[in-house]
Structures are given as structure tokens and as C-alpha cells.
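Coordinate inspection notes
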Amino acid sequence: MVSQITSGIKISVLTSFEGTYFKNYKIHFAFSYEVTIENQSKDSVQLNSRHWEIHDSLNDLEIVDGEGVIGKKPVLKPGEKHTYNSGCLLSSPFGAMRGYFNMINFTTTKTFRVIIPTFKLSAPFALN
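Residues numbered from 1 in each chain as written. Predicted model: local features only at pLDDT ≥ 70, side-chain atom pairs only at ≥ 80, totals over all residues. Heavy atoms only, no water.

If you look the protein up in an unreviewed UniProt entry, it shows as Cobalt transporter from Flavobacterium suncheonense GH29-5 = DSM 17707.

Shown next, in the form of C-alpha cells:
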């Protein structure tokens, strides 16, 4: 698990390899990840959007931007957590993801960026 705190918001990510799949006559490596967003600040905040950079060891880069996370824009009061699960397909057994969440602080009405720390994606059978 990797974790990072930005502006009082702690992001923790846990990953798992799910298996290999054939899609369009090509093998893909499936990974899932669980993200926990914990509000350690004194203000209520809301997650509005996300930005992901998905890298694999074959130098492929996929950028994903979107509203909220899995169709939600969670509001977190001080001390609250929001956890969600998602996944991605890579064309190699190794990769990494990183990104950020755009959030709003309800007390100051200012938007701010919360860093999602870089986390590795690796198929256990490919490790020495």
C-alpha cells in the first residue's frame, strides 16, 4: 500500500493482479486498485474530478480525466473516509499509475489538487 497526504487529505492505494485476458487478439494484464480518501483536515471537502496517468513497461501511456470517481462526487467531513475500487488493463505485466483529484474546500470555497501517489502494478508470476 502507498499513501500520501496533500492539504490534509490522505490518499492510500492498494493494488491487486486479477489475471490475463485476450482482447482483440492481444493479451492484456488486469489489475484492480482500491483507493481510500481520508479527510484529515478541519474542513469539509468534495471530490469533483480525477486525472490518471497509466503507464506500462512497454512505454504506453494512457491519460484518463473525468468527473468524480465511479460516478460519485463524495463529500467528506473532517475525519470521514471514502473508499472505492476500480481497475485497468495493461499490455504488459508491469506498470504504474499516478494522478490527482481536484477537490473543493467548503470553508474557503477554493479548489485544490490532491496528489495520488505513484503505485506499481505488477503480475506476481513475472517477478523474480
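Take the overall build of the protein next. Broken down by element type, the protein carries zero helices and nine strands. If you list the helices and strands of the protein from N to C, you get β-β-β-β-β-β-β-β-β. Along the first, second and third principal axes, the C-alpha set of the protein runs to 50 × 25 × 20 Å. Buried residues in the protein amount to 44% of all 128 residues. (Helix = DSSP H or I, 4+ residues; strand = E, 2+ residues; numbered from the N terminus. Buried < 20%, exposed > 50% of the residue type's maximum accessible area, 1.4 Å probe, protein only.)

With that out of the way, let us pick up the nonpolar core. Formed by 25 residues in total, the largest nonpolar core has its most connected members in Ile11, Val35, Ile37, Trp52, Phe101 and Met103. At the level of elements, strand 2 (9–23), strand 3 (26–39), strand 4 (45–56), strand 7 (81–90), strand 8 (94–105) and strand 9 (111–122) are the ones that each hand at least two residues to this core. In contact with Val35, other than residues within four places in its own chain, are Ile11, Ser12, Val13, Trp52, His82, Thr83, Tyr84 and Phe101. (Core = buried A, V, L, I, M, F, W, Y, C linked by side-chain atoms within 4.5 Å. Contact = heavy atoms within 4.5 Å.)

Here the focus is the side chain of Ser12. Residue placement: Ser12 occurs in strand 2. Within the structure, the side chain of Ser12 is placed 2.8 Å from the side chain of Ser3, a separation counted as a polar contact. Other than its neighbours up to four places away in sequence, Ser12 contacts Met1, Val2, Ser3, Glu34, Val35 and Thr36. (Polar contact = N/O pair within 3.5 Å; in protein donor to acceptor, adjacent residues only side chain to side chain.)

Here we come to the layout of surface pockets. Put simply, the largest pocket is a space of about 170 Å³. Tyr33, Arg50, Trp52, Val64 and Ser86 are, among the 14 residues lining the largest pocket, the residues nearest its centre. Elements with a minimum of two residues in the lining of the largest pocket: strand 4, strand 5 (61–67) and strand 7. Here the lining of the largest pocket gets five residues from one element, more than from any other, and that element is strand 7. Class assignment for the residues of the lining of the largest pocket results in 10 nonpolar, two polar and two charged. (1 Å grid on protein atoms, 1.4 Å probe; cavity = no way out; pocket = protein on both sides within 12 Å on 5 of 7 lines; lining within 4 Å. Points joined across faces, edges and corners; volume = space filled by probe spheres on them. Nonpolar A, V, L, I, M, F, W, Y, C, P; charged D, E, K, R; others polar.)

Glancing now at the environment of Arg98. The topology assignment puts Arg98 in strand 8. With a relative accessible area of 38%, Arg98 lands in the partly exposed category. Sequence separation between Arg98 and His51 is 47 residues; the distance between their C-alpha atoms is 8.4 Å. Residues within four places of Arg98 in sequence aside, it is in contact with His51, Trp52, Glu53, His55, Ile116, Pro117 and Thr118.

Taking strand neighbours across the sheet as the criterion, the four strands line up as 1-2-3-7 in an open arrangement whose pairing is antiparallel. Each edge of the open sheet carries a strand with a single partner, namely strand 1 (2–6) and strand 7. Taken pair by pair, the neighbouring strands of this sheet meet at an average axis angle of 25°, ignoring direction. Pairing geometry for strand 2 and strand 3, over 14 bridges, is antiparallel. Directly across from Ser12, in strand 3, lies its bridge partner Thr36. (Pairing = 2+ DSSP bridges. Axes fitted to C-alpha atoms, helices over the stretch in contact; angles between N-to-C directions.)

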